[in-house]
Amino acid sequence: MKAITGQTAPIWEALRGVLDPELGESVVDLDMIKDVRVDNGNASISVALTIAACPLRDQIEGDVVRKVASLPEIESVDVAIVAMTQAERTALMERVRRRARDNAGATRVHPITRVIAISSGKGGVGKSSVSVNLALALAGLGHKVGLLDADIWGFSIPRMVGARDTSLAANSDGLIQPANAMGISVVSTGLIVEDEETALMWRGLMLSKALEQFLRDVGWAPDLGYLIIDMPPGTGDVQMALARLLPQAEMIVVTTPQKAAQKVASRVADMARRSFMPVVGVIENMSGFTARDGERYNLFGSGGGNELAGNLGVPLIGEIPLDPEVVIGGDDGAPVVRARPESPAALVFAAIAKTLTDLVPPPSDDSCTSRIAILEEQLAKMD
Ligand SMILES: Nc1ncnc2c1ncn2[C@@H]1O[C@H](COP(=O)(O)OP(=O)(O)OP(=O)(O)O)[C@@H](O)[C@H]1O
Ligand SMILES: [Mg+2]
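Every value quoted in this text rests on a predicted model; they were computed, and no experiment measured them. (Residues numbered from 1 in each chain as written. Chains lettered and ligands numbered in written order. Predicted model: local features only at pLDDT ≥ 70, side-chain atom pairs only at ≥ 80, totals over all residues. Heavy atoms only, no water.)

So, the environment of T8
Phase 1 of the analysis: Of note, T8 is situated in the segment before helix 1 (9-15).
Phase 2 of the analysis: With 31 residues separating them in the primary sequence, T8 and D39 have C-alpha atoms 9.9 Å apart.
Phase 3 of the analysis: In this view, T8 contacts V36, R37 and V38; residues no more than four positions away in its chain are not counted. (Helix = DSSP H or I, 4+ residues; strand = E, 2+ residues; numbered from the N terminus. Contact = heavy atoms within 4.5 Å.)

Quick look at the structure:
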């Protein structure tokens, strides 16, 4: 890793979270960042692609803008795309080949998959409920979705998606297959049965190691559009491990409307910043309760989500009302988005999913075929 100091250092750090969708490495490590300048809160970044006409250009450019714009000191981002020189392309290919040989520490989450960690600073604010319903709402929009329960010992996802009797099995490659629950791919320690062959792999694992194994030994589909991660409460090991293992991960902070919850949540967001995990936005949960007579009661206060979003300079993605259907759905394995699509909470979840796909667009189906062809040609020449 390059040691970069000075005013542009945070920008370089943030850019480590931008992966080349096809090569799966950070644009910094691939030497694709040619110039970074910052002037009065405006960042100018020059990005070199193997060929300037790469159809994935928009995706890379968008990711660069989002990651850098998530820095508190940056107000605007300009990106200039240039084409690599022949020498640069050769160097890039050498690096890609070296890495393919070493195959060091790669996770099985495909670099194009959008990774969204659902976090909060304190327990019980509804992370798991949000994770499940958001995952299902995204699937409802036609995306291929994975749901990873990173609450290793306090897992609640299997019950919520009605998969308590399911257990994970290894496929012929020795990879663990996610369970299919309601059309999404689900992985949770709650789906690992002690007498299963697979259990051997998990025994005695530390928390962060367990997450690592979930990412490395699970056969996540290569065309997964979104991977939603239900984070454990708090700001500990698992969060840091995630940032290290999946540099493309972004975070949604869940908070309740009251100010105390907001303080805790801002601690999480602080940590996200320090680990260069951009915060996509804030979801306020348990926002208010509307009684049968139409009267609204703000049982847990009001304004916390909006205030947190404002402080972080990120959008408030949605406000989910207190809705008994959420509790019933969670307990019965019938999430409200599926069981009661017309309920107030389900409608908000659907809107949140739509907003999320605007903020973090799904991976594009395009591939830089011509680009790959060039790379392969180079490869052949080097042999
Ligand atoms: N919008 C809502 N309306 C009503 N009840 C809700 C709502 N959101 C969550 N709940 C309920 O609140 C409780 C806590 O929710 P959940 O388990 O999703 O929180 P969590 O943040 O994942 O908790 P933990 O920190 O323990 O993992 C559950 O009983 C859930 O059904
Ligand atoms: Mg939970």
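Resuming the write-up.
Re the side chain of E250
Phase 1 of the analysis: Along the chain, E250 falls in strand 11 (residues 250-255).
Phase 2 of the analysis: Residue classification places E250 among the buried positions, given a relative accessible area of 3%.
Phase 3 of the analysis: Not counting the four nearest positions on each side in its chain, E250 is found in contact with R66, K67, V115, I116, A117, M277, P278, V280 and V360. (Buried < 20%, exposed > 50% of the residue type's maximum accessible area, 1.4 Å probe, protein only.)

Some points on the sheet that holds strand 8 (residues 179-181)
Each strand in a sheet pairs with its neighbour through backbone hydrogen bonds, running either in the same direction (parallel) or in the opposite one (antiparallel).
Phase 1 of the analysis: If you walk across this open sheet you meet the 8 strands as 8-9-5-10-4-11-12-15, and the pairing is mixed. Either end of the sheet is taken by a strand with one partner, and the two such strands are strand 8 and strand 15 (316-320). Each strand of the sheet is rotated relative to its neighbour by a mean of 25°, with strand direction disregarded.
Phase 2 of the analysis: Pairing of strand 4 (residues 114-119) with strand 10 (residues 226-230) involves 5 bridges; the strand directions are parallel. If you follow A117 over to strand 10, its bridge partner there is I229.
Phase 3 of the analysis: Along the sheet, helix 9 (residues 304-312) contacts strand 11, strand 12 (279-285) and strand 15; its crossing angle with strand 12, the most-contacted strand, is approximately 165°.
Phase 4 of the analysis: Contacting strand 4, strand 10, strand 11, strand 12 and strand 15, helix 12 (residues 344-359) crosses the sheet at an angle of about 170° to strand 15. (Pairing = 2+ DSSP bridges. Axes fitted to C-alpha atoms, helices over the stretch in contact; angles between N-to-C directions.)

Functional significance is not addressed by these values, which are geometric in nature.
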